[in-house]
2 protein chains.
Amino acid sequence: MLRLSKLTDYAVVVLVRLSSMDGVQTSPGIAAATGIPEPTVAKVLKILAGSDLVSSQRGARGGYRLNRVLADIPVADVITAIDGPIALTACVDGSASECESLCMCPMRGRWDPVNAAIQSALTSISLADMQPSTIPLAFRMPAEAPHVPVQSPLRAAE
Amino acid sequence: MLRLSKLTDYAVVVLVRLSSMDGVQTSPGIAAATGIPEPTVAKVLKILAGSDLVSSQRGARGGYRLNRVLADIPVADVITAIDGPIALTACVDGSASECESLCMCPMRGRWDPVNAAIQSALTSISLADMQPSTIPLAFRMPAEAPHVPVQSPLRAAE
DNA sequence: TGTTAACCGTACTCACTCAGTCCGGATTGC
DNA sequence: GCAATCCGGACTGAGTGAGTACGGTTAACA
């Protein structure tokens, strides 16, 4: 499975939550609203603040505020902020030190078109496209509901 | 970083190597040619055989043989064979048991368009596109990579 | 000015996953 | 029968990431 870190998933949840209310929101408040552990929310917000996706306000009555509207935040930005540059293999980003020891690697640079395709796919989708309003079913999922994931176009890949 | 398992990387190398010669090839031979440890090559080939990408022939003078030409093998097939279904988050594939304990997750199903975009991107690229001779220069990633791929590294594998 | 509420930064631990290895068995050609 | 090769499973060590804890800093407010 192409793996995305859990923190990235959390980041999207947090950003969507931030956009749902005006003014600043505290990390405990977001944690309570989303069900994500509070220290984890704080961790995610801190990283996002470092990438200028949100801005922080310290002190009493402080909190976090979204810097841009959701439609202006491509998914690629969130993934890059949390996980670092989007690259499927170590060969593509800067950290190819390991590969240098294996100089006969015949795939050097071959993943570039794949990475480029994924990069452009992720850039073309904004967080607004992932908002509940566009797929109105899932925001309030009753606890007893049998877990029926929204039908995924990816099931064909199995 | 969007993570792809090393085995998938190896699988591409192995498949390209298989396509470069007629007849069956043994895993020790492929290991020697690619520099990948032999048990790992065997592991990759076994998985690929289970996905009908290659066929195996047991016994003396046995080995592995490519079932299709490279142009008929999309990258998505290789990734699916090695890593399982292409899905960025556990919510999308079947293994969402963990998510059931967190029923207020507002992102349920939201990753579907992202996964679909990546799936189509990966399906549109075949292994033949990753072969050394076929990469158009314009496809190279300009960003943040002082690491210029070695030209035609596949020769080293022959 | 002191208290309080919130962010900030770092370090730590635990658990999980994956790459790589090993071994015995089955199959096939000579 | 022997040798070469694939087959299948189990095991281990390393790496990584999620989550936690704690003390410090900043700013609003009474």
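Here the structure is a predicted model, which is why all the values come from computation and not from measurement.

Turning next to the protein's contact with DNA strand D. Not every one of the 23 residues close to DNA strand D is listed here, only the nearest: K6(A), K43(A), R58(A), S56(B) and Y64(B). In this structure, Y10(A) approaches DNA strand D through a side-chain N or O atom, which is 3.3 Å from a phosphate oxygen. Here a base nitrogen of DNA strand D sits 3.1 Å away from a polar atom, N or O, in the side chain of K46(B). Elements with a contribution of two residues or more to the surface near DNA strand D: α1 (6–19) and α3 (38–50) of chain A together with β1 (54–57) and β2 (63–66) of chain B.

As a rule of thumb, soluble globular proteins bury nonpolar side chains together. The biggest cluster of nonpolar side chains holds 81 residues, and the ones touching the most others in it are L122(A) and L122(B). The dominant element in this core, judged by the number of residues it contributes, is α1(A), at eight residues. Sequence-distant contacts of L122(B), defined by excluding residues within four places in its chain, comprise L2(A), V114(A), I118(A), P74(B), V75(B), A76(B), I79(B) and I86(B).

Residue and element names in this part refer to chain B. Under the 1.5 Å per step criterion, the end-to-end length of helix α1 (residues 6–19) is 20 Å for 14 residues, consistent within 8% with the ideal 20 Å. The buried fraction of α1 amounts to 10 of the 14 residues, a majority that puts the element mostly inside the structure. Where α1 is concerned, the buried positions are T8, D9, A11, V12, V13, V14, L15, V16, R17 and L18. Residues of α1 that are buried make contact with α2 (27–34), α3 (38–50), β1, β2 and α4 (75–83).

Our next topic: the packing of α1(B) against α4(B). All names here are of chain B. Orientation of α1 relative to α4, taken along the N-to-C sense of each, is 130°, at an axis distance of 9 Å. The angle between α1 and α4 places the two elements in the oblique class. α4 is crossed by α1, and the crossing has right-handed handedness. Between α1, through L7, T8, A11, V12 and L15, and α4, the contact on the second element is made entirely by V78, I79, I82 and D83. Classifying every residue of the contact of α1 with α4 by side-chain character gives seven nonpolar, one polar and one charged.

The next point concerns the protein's contact with DNA strand C. Around DNA strand C, a shell composed of 24 residues is seen, among which S56(A), Y64(A), K6(B), Y10(B) and K43(B) lie nearest. Counted by atom, the contact set of DNA strand C within 4 Å of the protein is 69% sugar and phosphate. A distance of 2.8 Å separates a phosphate oxygen of DNA strand C from a polar backbone atom of K6(B). At 3.1 Å from a base oxygen of DNA strand C is found a main-chain nitrogen or oxygen belonging to A60(B). Going through the elements one at a time, α2 (27–34), β1 (54–57) and β2 (63–66) of chain A together with α1 and α3 of chain B are the ones with two or more residues in the surface near DNA strand C. A breakdown of the residues in the surface near DNA strand C according to their chemical character gives eight nonpolar, nine polar and seven charged.

Reading guide: rules and limits
- Residues numbered from 1 in each chain as written.
- Chains lettered and ligands numbered in written order.
- Predicted model: local features only at pLDDT ≥ 70, side-chain atom pairs only at ≥ 80, totals over all residues.
- Heavy atoms only, no water.
- Near = heavy atom within 4 Å.
- Polar contact = N/O pair within 3.5 Å; in protein donor to acceptor, adjacent residues only side chain to side chain.
- Helix = DSSP H or I, 4+ residues; strand = E, 2+ residues; numbered from the N terminus.
- Core = buried A, V, L, I, M, F, W, Y, C linked by side-chain atoms within 4.5 Å.
- Buried < 20%, exposed > 50% of the residue type's maximum accessible area, 1.4 Å probe, protein only.
- Contact = heavy atoms within 4.5 Å.
- Expected span 1.5 Å × (residues − 1).
- Axes fitted to C-alpha atoms, helices over the stretch in contact; angles between N-to-C directions.
- Parallel < 35°, antiparallel > 145°, perpendicular 65-115°, else oblique.
- Left-handed = near helix turned anticlockwise from the far one by under 90°.
- Nonpolar A, V, L, I, M, F, W, Y, C, P; charged D, E, K, R; others polar.

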